[in-house]
Amino acid sequence: MNAATPPSAVQHARVSSHDLPARHKASALRELLGRELMRVDLLPADADARPIEAFRYDAAVSTLGSGTAYAHVRHTPVHYRRTAELMHDGLDDLFLTTTHSRGGYVLRHRQGDIAVPSGSIALLSKARLHDGITPWGGTSTCIQVPRAALARLLPRLEEAPLHVFTPGTPGADSAALALAYAGLLTSQGTLAGAPLASAVAHLHELIAGAIAPRWAAGQPPGGEAQRAPLLALVQQSIRARLEWPGLDLAHVARLHHTTPRQLQRLFASQGTCFTDFLAEARMQRARALLASPAQRHRRVLDIALDCGFDNLSAFGRAFRRRFGITPGDARQAA
């Protein structure tokens, strides 16, 4: 996709080594999956005696527009190599990636080997000769962005940057937030047009902030690029825990490695507060469950409990205040 093309909607695809022809598995892995799709040479992992045919790769890939994509991959041990021959393609996309495996992985480049612990984050370029070796397999997530998109934000960006972000190091929080936010965007089935374009711009700014923490520090405090992704992730985590009666601001703050005060400011920037957001999310969940034909067999009390209420009376009063009807009326009207 042309990097200048505005995103219209998130596009999803699945890529799997299981779909390759069994008769010519080795050549298909190397040519189709390796050289054509990933633009690398695939080799058996250094410590893995199994042939390349044993390699397994299952990826969910989402294109977000503006040359930006996100992938979630499960894979067996692998050694990939970005060679001088392949670099004739002229690609200089950047990848922000993390792998969760038993022992992390190794990035090999001209200056030596870099051990990347499991869960740490690396940023590398297709314009750099390098190898990636994952001896134990695992699960990887990755964001691909055009270098040009980040160079607009960082005019002094290297031609082929290489960074490793371990927890607590400069840029690590922005890198982790970028990966989490990209994963959230891929799950938003209705995100399209201008809102998607804005979200992708925020994603680029988060990655720029990871590469250049000083640049990020010079941005306006509480800027939209940090605020919008974090708020979206906070709201997602709240919606995933609506059945918890004791869900409170302090617990959500701990989940996101921030303070209750910072979360209060985050909600206030949108003209609301944690308590109001939680109450509204619970009411909307309750109304949707009451209206669902698949939930007809369930008691209203069970639905109330699923939405974080510990008794039917409190649920009924809150529901009537919000919608002007009782839960039973809402079910009858559906």
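Since the model is a prediction, treat every value here as computed from it, not as a measurement.

Participant: Give me the overall build of the protein: which residues, what numbers.
Facilitator: Broken down by element type, the protein carries 12 helices and 12 strands. Projected onto its principal axes, the C-alpha positions of the protein cover 70 × 55 × 35 Å. In the protein, which comprises 334 residues, the proportion classed as buried is 45%. Total accessible area on the protein stands at roughly 16,900 Å², and carbon and sulfur atoms take up 54% of it. Separation of charge centres in the protein, based on 37 positive and 27 negative side chains, amounts to 6 Å.

Participant: Tell me about the sheet that holds strand S2 (residues 41-43), and name the residues and values.
Facilitator: The 5 strands are arranged S2-S5-S10-S7-S8 in an open sheet whose pairing can be described as antiparallel. Only two strands of the sheet have a single neighbouring strand rather than two, namely S2 and strand S8 (112-116). Across the sheet, the mean angle from the axis of one strand to that of its neighbour is 20°, orientation sign disregarded. Judged from the 5 bridges that link them, strand S7 (residues 105-109) and S8 form a sheet pairing that is antiparallel. Note that in S8 the partner of Tyr105 across the bridge is Val116.

Participant: Please provide a residue-by-residue account of helix H3 (residues 172-187), values included.
Facilitator: Taking 1.5 Å per residue, 16 residues should reach 22 Å; H3 reaches 23 Å between its end C-alpha atoms and fits that length. Where H3 is concerned, the buried positions are Ala172, Ser174, Ala175, Leu177, Ala178, Leu179, Tyr181, Ala182, Leu184, Leu185 and Thr186.

Participant: Describe in detail the pairing of strand S4 (residues 68-75), supporting the description with residues and values.
Facilitator: The buried fraction of S4 is high, at 6 of 8 residues. The pairing of strand S3 (residues 57-65) with S4 spans 8 bridges and is classified as antiparallel. Pairing of Tyr57 across the sheet is with His75, part of S4. In this antiparallel pair of consecutive strands, S3 and S4, the connection spans 2 residues, and Ser66 shows a positive phi of 55°. Sheet topology places S4 next to strand S11 (residues 138-145); 7 bridges connect them, and they run antiparallel. Each bridged residue has a counterpart across the sheet, and for Arg74 the counterpart in S11 is Thr139.

Participant: Talk me through the pattern of salt bridges; I want residue IDs and the actual numbers.
Facilitator: Inspection of the entire model under this criterion finds 10 salt bridges. Measuring nitrogen to oxygen at the nearest pair gives 3.3 Å for the salt bridge that ties Arg35 to Glu85. Placement of the pair is Arg35 in helix H1 (residues 25-38) and Glu85 in the loop between strand S5 (78-82) and strand S6 (94-100), with a sequence separation of 50 residues. With its nearest N and O atoms 2.6 Å apart, the salt bridge here joins Asp306 to Arg298. With a relative accessible area of 29%, Asp306 lands in the partly exposed category. Assessed through its relative accessible area of 18%, Arg298 is described here as buried. What emerges from the salt-bridge pattern is a single network uniting Arg35, Asp41 and Glu85.

Basis of the calculations
Along each chain, residue indices are assigned from 1 in the same order as the chain's sequence is written. With the structure being a predicted model, the display of local features is reserved for residues of pLDDT at least 70 and the display and counting of side-chain atom pairs for 80 or more, all residues being used for whole-chain, interface and lining totals. Values reported for side chains reflect all heavy atoms of the structure, with hydrogen atoms and water molecules removed beforehand. The way it works is that DSSP assigns letters per residue, a run of H or I at least four long becomes a helix, a run of E at least two long becomes a strand, and they are numbered from the N terminus. For every residue, the accessible area (1.4 Å probe, protein chains only) is compared with the maximum for its type, and the residue is labelled buried under 20%, exposed over 50%, or partly exposed between those bounds. Surface exposure here means Shrake-Rupley accessible area, sampled with a 1.4 Å probe, where a residue is shielded only by the protein chains that are shown. When charges are counted, Lys and Arg are positive and Asp and Glu negative, with His and the chain ends excluded. For charged residues, the charge sits on one atom: NZ in Lys, CZ in Arg, CG in Asp, CD in Glu. Strand pairing is assigned whenever DSSP identifies at least 2 bridges connecting the two strands. Here an angle of 0 to 180 degrees is reported between the N-to-C directions of two axes, which are lines fitted to C-alpha atoms, with helices fitted over the stretch in contact. A helix is expected to reach a length of 1.5 Å times the quantity of its residues less one. A side-chain nitrogen of Lys or Arg and a carboxyl oxygen of Asp or Glu constitute a salt bridge if their distance falls within 4 Å.

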